[in-house]
Amino acid sequence: MRRPIGVMILAGAAGLAGLYQLYRMLVFLGIVNFEVIGKSVSFDEAQWGPAFWALVLAAIWFWVAAGFWNLRASAWQFGVFISLFTLIWGFFAILWGSTVEAETVPWFLALVVYVYLNWPGVRDAFIQNEMSKLTPEQRAAIEQLEAANAAAGKGKAPGMTPPAA
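In this text, all values refer to a predicted model and were calculated from it rather than measured experimentally.

Conventions adopted
Residues numbered from 1 in each chain as written. Predicted model: local features only at pLDDT ≥ 70, side-chain atom pairs only at ≥ 80, totals over all residues. Heavy atoms only, no water. Core = buried A, V, L, I, M, F, W, Y, C linked by side-chain atoms within 4.5 Å. Buried < 20%, exposed > 50% of the residue type's maximum accessible area, 1.4 Å probe, protein only. Helix = DSSP H or I, 4+ residues; strand = E, 2+ residues; numbered from the N terminus. Contact = heavy atoms within 4.5 Å. Phe/Tyr/Trp six-rings, centres within 6.5 Å; stacked < 30°, edge-to-face > 60°. Salt bridge = Lys/Arg side-chain N within 4 Å of Asp/Glu carboxyl O. pLDDT = per-residue confidence, 0-100. Patch = residues over 30% accessible without salt bridge, like charges linked within 9 Å, V, L, I, M, F, W, Y side chains within 5 Å. Areas by Shrake-Rupley, 256 points an atom, 1.4 Å probe, with all protein chains shown as cover. Axes fitted to C-alpha atoms, helices over the stretch in contact; angles between N-to-C directions. Parallel < 35°, antiparallel > 145°, perpendicular 65-115°, else oblique. Left-handed = near helix turned anticlockwise from the far one by under 90°. Nonpolar A, V, L, I, M, F, W, Y, C, P; charged D, E, K, R; others polar.

(A) Region of interest: the nonpolar core. Ranked by internal contacts, the top residues of the largest apolar core, which has 28 residues, are Leu10, Trp61, Phe68, Val113, Leu117 and Phe126. For this core, the elements supplying multiple residues, two or more each, are helix H1 (5-28), helix H2 (48-69), helix H3 (73-95), helix H4 (100-117) and helix H5 (122-132). If one sorts the elements of this core by residue count, H1 sits on top with eight residues. With sequence-adjacent residues up to four places away left out, tryptophan 61 is seen in contact with Ala14, Ala17, Gly18, Gln21, Ile82, Ser83, Thr86, Ala110 and Val113.

What follows is the structure in structure tokens.
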């Protein structure tokens, strides 16, 4: 399989997002401090809820990175989902007591992944890889489905007759 350079960068970015989530987990547990623009983010007591969710997000980002590396269409779909989820989660984390400084890096990484996934041609690389793994019967079924969807969009689906006037 030949991977486009952008997909390798994408897998690396998703991996970085996972590593950063692990780092955030350590910050929430009070093990390390985070400093940005002269402000220090630290916790005297472990914040178990945010630490757990940072761990879950890290595992998801690592799974997505592996899927990106292997050009799996499911990783493309989930990458779009998890990048949007990370953006939304960061917004609500700020409402619930986190700081903008703590959410800036995850927001930036998630936004980069989201924009690149929706870049023209990137999605096609994932789809072409998935299509190359299908059997001839599966390809025929997909072509039939596409034809039925196109006919339904025009109001000419097979087996449908217009109502009598």
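(B) Molecular detail of the packing of aromatic side chains. In this structure the tally under the stated criterion is 11 aromatic pairs. Each ring, one from tryptophan 53 and one from tryptophan 89, has its centre 6.0 Å from the other, and the planes form 50°; the classification is tilted. Pair noted here: tryptophan 53 is in helix H2 and tryptophan 89 is in helix H3, with a separation of 36 residues, a long-range link. Ring plane angle 15° and centroid distance 6.2 Å describe the contact between phenylalanine 85 and tryptophan 89, whose orientation is recorded as stacked. One end of the pair, phenylalanine 85, and the other, tryptophan 89, are both in helix H3, four residues apart, so they sit about a helical turn from each other. Taken together through their ring pairs, the aromatic side chains of Phe52, Trp53, Trp63, Phe78, Phe81, Phe85, Trp89, Phe91, Phe92 and Trp96 make up a single cluster.

(C) A look at the pattern of salt bridges. Applying the stated criterion to the full structure yields one salt bridge. Arginine 72 is paired through a salt bridge with glutamate 130; the nearest N and O atoms lie 2.7 Å apart. Of the two residues, arginine 72 is situated in the loop between H2 and H3 and glutamate 130 in helix H5; the sequence distance between them amounts to 58 residues. The partly exposed category is assigned to arginine 72, whose relative accessible area is 34%.

(D) Focus on the confidence of the model for the protein chain. Summing up the model confidence of the protein chain, the mean pLDDT is 84 and the portion of residues at 70 or higher is 93%. For the protein chain, per-element mean pLDDT is lowest for strand E1 (residues 34-36), which scores 74, and highest for H2, which scores 92.

(E) View of a nonpolar patch on the surface. On the surface, Leu84, Ile88, Phe91, Phe92, Leu95 and Trp96 cluster together into a nonpolar patch covering about 650 Å² of accessible area. As for its position among the elements, phenylalanine 92 is in helix H3.

(F) Structural context of unusual backbone geometry. Its identity is not glycine, yet leucine 71 carries a phi of approximately 55°, on the positive side. You can see leucine 71 is positioned in the loop between H2 and H3. Residue classification places leucine 71 among the buried residues on the basis of a relative accessible area of 4%.

(G) Molecular detail of the packing of H1 against H4. Put simply, H1 and H4 touch, their axes get as near as 10 Å, and they point 160° apart. Overall, the two elements H1 and H4 adopt an arrangement that is roughly antiparallel. The hand of the H1/H4 crossing is left-handed. Side by side, H1 and H4 meet where Gly6, Val7, Leu10, Ala13, Ala14, Leu16, Ala17, Tyr20, Gln21 and Arg24 of the first sit next to Ala102, Glu103, Val105, Pro106, Leu109, Val113, Tyr116 and Leu117 of the second. Of the residues belonging to the contact of H1 with H4, the class tally is 14 nonpolar, two polar and two charged.

(H) Inspection of the side chain of glutamine 21 at higher detail. Along the polypeptide, glutamine 21 turns up in helix H1. The exposure class assigned to glutamine 21 is buried, which follows from its relative accessible area of 2%. The residues touching glutamine 21, leaving out its near neighbours within four places in the chain, are Ala54, Leu57, Ala58, Trp61, Thr86 and Pro106.

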